[in-house]
Every structure is written in structure tokens, then in C-alpha cells.
Amino acid sequence: MTRVLVTGGAGFIGSHYVRTLLGPGGPGDITVTALDALTYAGNPANLAPVDGHPALEFVHGDICDVELVDALMAGHDQVVHFAAESHVDRSIRDASGFVRTNVVGTQNLLDAALRHEVGPFLYVSTDEVYGSIESGSWTEDSPLRPNSPYAASKAAGDMLALAQHRTHGLDVRVTRCSNNYGPYQFPEKLIPLFVTRLLDGGEAPLYGDGGNVRDWLHVTDHVRAVELVRTRGRAGEAYNIGGGTPLPNRDLVDLIVRACDADWGQVRYVEDRRGHDRRYCVDHTRITGELGYRPTVDLATGLAGTVAWYRANRSWWEPLTAAAALL
Ligand code: NAD
């Protein structure tokens, strides 16, 4: 039986991962501890489908808590580390929570993993650590040149993780994925922000000229790739994960407007985000060649399913948008 500690297990991607591990087709010989501080982005409802599962334990706690993390690590074999402050706009307003969780929290987990010889330790990084690229794509050997405070804090965690491998031989594996979308994503991120606003008949804000390019990947494909790296990846390696669907934001918004039966009149161009990276694109031939990864959900199908989920699950997101409006 493998005992896996999943940090950020009540967030968007972490909860997909936990539900996948414990759902039909999961590995079976596994127990999962989901450690989550339940910040504004963490939501116990994300784990409702696996609530009461005999192989799941939920721990409400902070990855920066030295004693808690040390005690938990002693009872686990592996770590998949999703917990993070994850919204770029918030990091531009105040980076302190990003440094605390994404850097100090990651260091705390790594140090405890080293003390208790826990590995693999999979650090879920992001394609944003590479910074913007005008054309072509970043490979895993490209330099990290993060631009936003969010990306800088993720790059610090990424480098700390790989440093623990090089210095101490800890079995660390890193994934750097492009933009995710799908059900259960907090409605501050682009796709659920647009979907929830448009379904409510309201306006949604599009940054700058709408020409920023992102590569969209359905969360189930990301989670499958993380599982490939946890089970078959190499120690000390980073793996890019891409979707193969690079798209300017205005084209993505056009797809969302259509999928929501909405109107372009509901889209409002707003002043660009400060330091807004123009284009991200990762080369994912390493994970494709070594581990047989292929994205399986095309954007049109994934987007239609996502919009259908938000239409059918207003009780999940309405309390979140109501609370956000109070901020
Ligand atoms: P999210 O914001 O939805 O979830 C983050 C989770 O971490 C929440 O449940 C939150 O409560 C928890 N958390 C925050 N601080 C914590 C702390 N100090 N201790 C314990 N738990 C804490 O984020 P997400 O979109 O699910 O992203 C998960 C990971 O994937 C992040 O590391 C992010 O950088 C990375 N990633 C995200 C994307 C994307 O498009 N969303 C793409 C690539 C990589």
C-alpha cells in the first residue's frame, strides 16, 4: 500500500487528482491524505464525491506548519505537492502570501521529506516559470525567467525542489503545465470567470487587446500527466505538460461566448494586467516520448463540458461569486 500525501487536495487541480486516484480506474493499492489550509480557494465541496472513502483522510492544516508537516511526513511514502497561492492578479496586489506558501511552505515540505526519506516528491510547477516567449516553445532546459510575483514564487519552489535532488539525492520530480480549465475551478480564473458572469447575463473583463496567447489543457489531462510522472517519471527531472491548443485570449473568449449562448456585448475590454506575459508555449516532447503522454480532451469538447458543469452546479459557484463580490 502506497501512502500519498497530497497538498492542496481541496483546490481545483488537487481535488481532481484526489478524486481520480480514488475513483474507478485508480491505482487501488493507495491511501491518500489531502492536506489543505482551506484558503478562499480551497473548498471541501470539491472532495464531496469521495467523502467517506476508506482510503481518504482529510487534514485541515498549513504546509508552513513545521510540526504538522513533520508528523504527517513520517507516515507517508510519497508527496504530490499542489498547494499554492495560484492567482497572478492577487500576487500583483500583494506577494507576501505567495512567498509564504509557495516558497517557505515548499521548503518546509522538502526538508521534512528529506528527514523522513519520503519520495518521489512531485512538485507541481507551472509553465509560467519560463516567462513569455514570442515564438517557438520552451524546453525543460530553458532558463527560468518568471515575470509575475506568482511565477517568481513558483520558480523559487521549483528550484528549491530540484536543489534537494542535486544536493541530497531526494527523489524530486517537477511538472510544468500550461493553463488548466474544467469543473470546480474557482471563478476568479479566466474561463470560470467568463462562464459564470456570462451565464448570469453580466459583463466579463478582457485584458488589453485580447492578444495574449495561452495553451489550454483540460484538468483531467493534467492530472493524468501528473500520475504518469509520479509513477514512472525520473528522479531529478522536470516534465513540461502542454495541451497543444495555443490560442489568443480573444479567440478563447469567442468560444466561451458561443458555448454560453451569450453576446460579445457582454465582453468589456479593460486596461491590461501589469507585466502581462504575451505568450506561453511549452515543448512537451519529453513526457510524450518517455511516458507516452497525450492530451485527450480537445478544447471545444472540454469547454462545452465545462460550461455544462457550471450551468448545472450553480449551488457550487454562486456562494463563491457572492463572497468575492463582497471583497
Ligand atoms: P487553487 O488555488 O485552486 O488551489 C490551491 C489549494 O491550495 C487550495 O485548496 C488552498 O486552500 C490550498 N492552499 C493554499 N495555501 C495553502 C497552505 N499554506 N497550506 C495548505 N494548503 C494551502 O490552485 P490550482 O489551480 O488547483 O493549482 C494547483 C497547483 O497547480 C498550484 O501549485 C499551481 O501553481 C499549479 N498550476 C496551476 C495551473 C492552472 O492553470 N490552474 C497550471 C499549472 C500549474
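Within any chain, residue numbers begin from 1 and follow the written order of that chain's sequence. Residue-level local features of this predicted model are given only where pLDDT is at least 70; pairs of side-chain atoms are given and counted only at 80 or more, and the full residue set underlies all totals for whole chains, interfaces and linings. To obtain the side-chain values, all non-hydrogen atoms of the structure were included, while hydrogens and water were left out.

K.L.:
Even after reading the chapter, I still don't get the sheet that holds strand β11 (residues 246-248), so can you show me in this structure?
P.N.:
Sheets are built from strands that pair by backbone hydrogen bonding, the pairs being arranged parallel or antiparallel. Spatially, β7-β9-β11 is the arrangement adopted by the three strands of the open sheet, whose pairing is mixed. Edge positions in the open sheet fall to β7 (179-181) and β11, since each of these has one partner strand only. Averaged over neighbouring strand pairs, the angle between their axes works out to 50° when direction is ignored. Strands are labelled as partners when DSSP assigns at least two bridges between them. The numbering of helices and of strands both runs from the N terminus, where a helix is a DSSP run of H or I of at least 4 residues and a strand a run of E of at least 2. Looking at chain direction, strand β9 (residues 213-218) and β11 are connected through three bridges and run antiparallel. In the strand pairing of β11, V213 is matched with P248. Throughout, a contact is declared for two residues whenever any of their heavy atoms are within 4.5 Å. Only C-alpha atoms enter the line fits that serve as axes; for helices the fit covers just the stretch in contact. Angles between N-to-C directions range over 0 to 180 degrees. Strands β9 and β11 of the sheet are contacted by helix α8 (residues 249-259), whose axis makes an angle of about 90° with β11.

K.L.:
Is there a simple way to explain the pattern of salt bridges in this structure?
P.N.:
When the charged atoms of two side chains with opposite charge come close together, those side chains can pair. Criterion for a salt bridge: a side-chain nitrogen of Lys or Arg within 4 Å of a carboxyl oxygen of Asp or Glu. For the structure on display, the rule yields 18 salt bridges. Of the charged contacts in the structure, one is a salt bridge between D70 and R115, with a shortest N-O distance of 2.9 Å. Linking D70 in helix α2 (residues 66-74) with R115 in helix α4 (residues 96-115), this pair joins segments that are 45 residues apart in sequence. A relative accessible area of 24% places D70 in the partly exposed class. One salt bridge connects D254 with R258, and the closest N-O pair in it is separated by 3.1 Å. Placement of the pair is D254 and R258 together in helix α8, with a separation of four residues, close to one helical turn. The buried label goes to any residue with under 20% of its type's maximum accessible area, the exposed label to any with over 50%, and the partly exposed label to all in between, with areas taken from a 1.4 Å probe on protein chains only. Judged by relative accessible area, R258 falls into the exposed class, the value being 57%. Within the structure, one salt-bridge network assembled from shared partners comprises R234, E237, R286 and E290.

K.L.:
Honestly, the side chain of D277 in this entry has me stumped. Any pointers?
P.N.:
Relative to the helices and strands, D277 is located in the loop between β12 (267-270) and α9 (285-291). Non-local contacts of D277, meaning those with residues more than four positions away in its chain, are made with G131, S132, N147, N212 and R214.

K.L.:
Please explain the site of the ligand as it appears in this structure.
P.N.:
In this text, near means that some heavy atom of the residue lies within 4 Å of the molecule or strand in question. Around the ligand lies a shell of 28 residues, among which I13, D36, S86, Y150 and K154 are the nearest. Identification of polar contacts relies on pairs of N or O atoms within 3.5 Å, with a donor-acceptor requirement for protein atoms, meaning one able to donate a hydrogen and the other able to accept it, and with residues adjacent in sequence counted only if both atoms are side-chain atoms. Contact distances for the ligand include 3.1 Å between a nitrogen atom and a backbone N or O atom of A37. Interatomic distance of 3.5 Å between a backbone N/O atom of L38 and an oxygen atom of the ligand. Each accessible area is a Shrake-Rupley result for a 1.4 Å probe, and residues are judged covered by the shown protein chains and nothing else. When the ligand sits alone it has 840 Å² of accessible area, and the protein chains cover 96% of it. Elements represented by at least two residues in the shell around the ligand include exactly α1 (12-22), β5 (121-126), α5 (149-168) and β7. Examining the composition of the shell around the ligand, we find that three residues originate from one element, β5, more than from any other. For this classification, Asp, Glu, Lys and Arg are treated as charged, while Ala, Val, Leu, Ile, Met, Phe, Trp, Tyr, Cys and Pro are nonpolar and the rest, including Gly, are polar. Here the residues of the shell around the ligand are counted per class, giving 13 nonpolar, 12 polar and three charged.

K.L.:
Which parts of the structure should I look at to understand the packing of helix α6 (residues 190-199) against α8?
P.N.:
Put simply, α6 and α8 touch, their axes get as near as 10 Å, and they point 40° apart. Comparing their axes, α8 and α6 come out oblique. In the crossing of α6 with α8, the sense of the turn from one axis to the other is right-handed. Residues L190, I191, F194, V195 and L198 of α6 pack against N249, L252, V253, I256 and V257 of α8. Residues that form the contact of α6 with α8 fall into these classes: nine nonpolar, one polar and no charged. Note on terminology: angles under 35 degrees are roughly parallel, angles over 145 are roughly antiparallel, angles of 65 to 115 are roughly perpendicular, and the others are oblique. Put simply, a crossing is left-handed when the front helix is turned counterclockwise from the back one by less than a right angle, and right-handed when it is turned clockwise.

K.L.:
Would you explain the packing of α6 against helix α10 (residues 299-312) in this entry?
P.N.:
A pair of packed helices is characterised by two quantities: the angle between their axes and the separation of those axes. Interaxial distance between α6 and α10 falls to 10 Å at its minimum, and their mutual angle equals 55°. Here α10 runs oblique to α6, going by the angle between their axes. The two elements α6 and α10 meet at a crossing, and its hand is right-handed. Contact residues: I191, P192, V195, T196 and L199 in α6; L303, V307, Y310 and R311 in α10. The residue inventory of the contact of α6 with α10, partitioned by class, reads seven nonpolar, one polar and one charged.

K.L.:
Even after reading the chapter, I still don't get unusual backbone geometry, so can you show me in this structure?
P.N.:
For residues that are not glycine, phi is negative in most cases, and the peptide bond is trans in most cases. Note that the residue after G119, namely P120, is joined by a cis bond; omega there is 0°. Counting through the fold element by element, P120 comes out in the loop between α4 and β5. Phi is positive for L38, which is not a glycine, with a value near 50°. Assignment of secondary structure puts L38 in the loop between β2 (30-36) and β3 (56-60). Positive phi is not limited to glycine here, since Y184 has a value of about 70°. Position of Y184 relative to the elements: it lies in the loop between β7 and α6.

K.L.:
Even after reading the chapter, I still don't get α6, so can you show me in this structure?
P.N.:
The α-helix winds at 3.6 residues per turn, so residues separated by three or four positions along the chain end up facing the same way. Within α6, eight of the 10 residues are buried, which leaves it mostly tucked inside the rest of the structure. Once α6 finishes, G201 follows within two positions and takes phi at roughly 80°, a positive value.

K.L.:
Help me understand helix α7 (residues 219-232), please; the structure alone is not making it clear to me.
P.N.:
Expected helix span is given by 1.5 Å per residue-to-residue step, counting one fewer step than there are residues. Its 14 residues place the ends of α7 20 Å apart at the C-alpha level, agreeing with the 20 Å of an ideal helix rising 1.5 Å per residue. Burial analysis of α7 places 10 of its 14 residues in the buried class, the great majority of the element. Every buried residue of α7 is listed here: V219, D221, H222, V223, A225, V226, E227, L228, V229 and R230.

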